[in-house]
Amino acid sequence: MTILEFTEQFPTESSCRADFKLQREKEGIFCKKCKSSNHYWLKGKSQWECKSCKFRTGLRSGSMMESSNLPIRTWYLAMLFMTFTKKGISAKELQRQLKHKRYDTVWSLMHRIRNAMGNRDNLYQLGDMVEFDEAYYEIATPENIKLKRGKGSQKQKNVAVMAESVPLEDLDTGKESKSCRYFKMKVLDTHKTDSIDHVVAENLKENTVVFSDRANTYLNISDYVETHVSEKSTKETTATTLKWVHIAISNAKRNLLGIYHKINQKYLQLYLDEFCYKLNRRYFWERLFDRLLLAVAKSYW
Ligand SMILES: [Zn+2]
């Protein structure tokens, strides 16, 4: 959506409220009390009433906007700016664009939207053939903490990166290449095997073929998937077997550094969620705003 289209379609708060009602109905209104999905809309009250138990659901209740006091149009504008470019936008810049008084409010608004993006991608597991590797992302640390050296450095956080990749062979030349589909990036709790096991079990389908290097912590991957193929880490493997995972890792690094410099460890997952959400929808960029609206409107109960 362009800025011009946005101002035509959503000129006022009431146009945004009417639209948000439609988005929520598209995603389905579920009664918190009896789980029924049949409701009447009470126009005067701006609430849905459950046909079976009469329980009422407010316009924002159960959605990502629940308990937010910001105008719905401010949420819409934030979603517009966040999906406007591939690069993304900092909270400081969004605050300036929205002419909002408080940085904190804009900052947490953006995190809620990232949360909706992450929830949406968490509905799906990756399958078929998946490249798996770990990336290390710089995080902010209090200056007085003495830093440990090496892999477990407190300055960096390890992240599991997974990419669905499908081998392709050019029938004319016989040359092999690979195309990529969906990506996931998950912050790991530790540098140990259990963290890897957990992330694999949670994010990959059982019938997956996983490709990785020969890290010791990857020993159990085959317990959770169909096949695990490990290769010694060399320049060659990086360029072929783990091609897409490495492209995604370096793009994410460039993207995060470009906007945020250093990230608090607590929020790293949310920034990665935004990066993957956009990356996974790169082929329908013009519909990104509409998709995101639905993700924000979805009931979490
Ligand atoms: Zn009910």
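Conventions adopted
Residues numbered from 1 in each chain as written. Predicted model: local features only at pLDDT ≥ 70, side-chain atom pairs only at ≥ 80, totals over all residues. Heavy atoms only, no water. Helix = DSSP H or I, 4+ residues; strand = E, 2+ residues; numbered from the N terminus. Buried < 20%, exposed > 50% of the residue type's maximum accessible area, 1.4 Å probe, protein only. Contact = heavy atoms within 4.5 Å. Areas by Shrake-Rupley, 256 points an atom, 1.4 Å probe, with all protein chains shown as cover. Lys, Arg positive; Asp, Glu negative; His and termini not counted. Charge placed at Lys NZ, Arg CZ, Asp CG, Glu CD. Disulfide = S-S within 2.5 Å. Donors = N, O, S within 2.8 Å, 3.2 Å for Na, K, Ca; no water. Tetrahedral: all angles 85-135°; square planar, octahedral: opposite > 155°, others 65-115°. Phe/Tyr/Trp six-rings, centres within 6.5 Å; stacked < 30°, edge-to-face > 60°. Lys NZ or Arg CZ within 6 Å of the ring centre and 35° of its normal. Core = buried A, V, L, I, M, F, W, Y, C linked by side-chain atoms within 4.5 Å. 1 Å grid on protein atoms, 1.4 Å probe; cavity = no way out; pocket = protein on both sides within 12 Å on 5 of 7 lines; lining within 4 Å. Points joined across faces, edges and corners; volume = space filled by probe spheres on them. Nonpolar A, V, L, I, M, F, W, Y, C, P; charged D, E, K, R; others polar.

Novice: I keep staring at the overall build of the protein chain and nothing clicks. Help me out?
Specialist: Helix and strand counts for the protein chain stand at 10 helices and nine strands. Expressed as lengths along the three principal axes of its C-alpha atoms, the size of the protein chain is roughly 65 × 45 × 45 Å. For the protein chain, with 301 residues in total, the buried portion stands at 47%. Once local pairs closer than 6 in sequence are excluded, the contacts in the protein chain between residues at least 24 apart make up 63%. A total of about 16600 Å² of accessible surface is found on the protein chain, and carbon and sulfur atoms cover 51% of it. Here the protein chain contributes 51 positive and 36 negative side-chain charges, whose respective centroids are spaced 9 Å apart.

Novice: Which parts of the structure should I look at to understand the state of the cysteines?
Specialist: Cysteine pairs can be covalently joined through their sulfur atoms, and such a bond is termed a disulfide. All chains considered together, the criterion is met by zero disulfides. Sulfur of Cys 180: no disulfide; nearest cysteine sulfur belongs to Cys 276 and is 12 Å away.

Novice: What exactly am I supposed to notice about the coordination of the zinc ion here?
Specialist: Between any two of four tetrahedral donors, the ideal angle at the metal is 109.5 degrees; between two of six octahedral donors, it is 90 or 180 degrees. Only Cys 31 (SG), Cys 34 (SG), Cys 50 (SG) and Cys 53 (SG) from the protein coordinate the zinc ion, and they sit 2.3 Å from it. Geometry at the zinc ion is tetrahedral, judged from its four donor atoms and the angles of 102 to 116° they form at the metal. Between consecutive donor residues of the zinc ion, the sequence gaps follow C-x2-C-x15-C-x2-C. In this pair, Cys 31 sits in the loop between α2 (13-27) and β1 (39-42) while Cys 50 sits in strand β2 (residues 47-50), placing the two residues 19 residues apart along the sequence. Both residues of the pair, Cys 31 and Cys 50, belong to the buried class.

Novice: Mind showing me how you'd approach the packing of aromatic side chains here?
Specialist: Two descriptors summarise a pair of aromatic rings, namely the distance from one centre to the other and the angle between the planes of the rings. Throughout the structure, instances matching the rule amount to nine aromatic pairs. Taking 5.3 Å as the distance between ring centres and 85° as the angle between the ring planes, the aromatic pair formed by Phe 132 and Tyr 218 counts as edge-to-face. One end of the pair, Phe 132, is in strand β4 (residues 129-140); the other, Tyr 218, is in the loop between β7 (209-212) and β8 (227-230), and 86 residues separate them in sequence. The exposure class of Tyr 218 is buried, given its relative accessible area of 3%. One residue, Lys 86, lies across the ring of Trp 285, its end atom 5.3 Å from the ring centre. For the cation-ring pair, Arg 291 lies above Phe 284, with the distance from its terminal atom to the ring centre recorded as 4.5 Å.

Novice: How do you make sense of unusual backbone geometry when you look at a structure like this?
Specialist: The phi torsion of most residues other than glycine is negative, and most of the peptide bonds are trans. The phi dihedral of Lys 99 falls on the positive side, at around 50°, and the residue is not glycine. If you trace the backbone, Lys 99 turns up in the loop between α4 (91-98) and α5 (103-122). The exposure class assigned to Lys 99 is exposed, which follows from its relative accessible area of 77%.

Novice: Looking at this structure, I do not really get the nonpolar core. What am I missing?
Specialist: What tends to happen in soluble globular proteins is that the nonpolar side chains get buried as a cluster. Counting 38 residues, the largest nonpolar core has Tyr 76, Met 79 and Ile 113 as its most contacted members. Listed by contribution, the elements that provide at least two residues to this core are α2, α3 (72-82), α4, α5 and α10 (288-297). The leading source of residues in this core is α3, at nine residues. Grouped together as the second largest cluster of nonpolar side chains are 26 residues, Phe 211, Ala 252, Ile 259 and Leu 272 included.

Novice: So what exactly am I meant to see when it comes to empty space enclosed by the protein here?
Specialist: Here the idea is plain: a probe the size of a water molecule rolls over the atoms and shows the empty space left. Taken as a whole and judged by the stated rule, the model has one cavity of 30 Å³ or more. Taken together, Gly 118, Asp 121, Asn 122, Phe 183, Lys 184, Met 185, Lys 186, Gln 269, Leu 272, Asp 273, Cys 276 and Asn 280 form the lining of the largest cavity. When contributions to the lining of the largest cavity are tallied by element, the ones reaching two or more residues are α5, β6 (176-187) and α9 (268-280). Among the elements that take part in the lining of the largest cavity, α9 stands out by supplying five residues, more than any other. Classifying every residue of the lining of the largest cavity by side-chain character gives four nonpolar, four polar and four charged.

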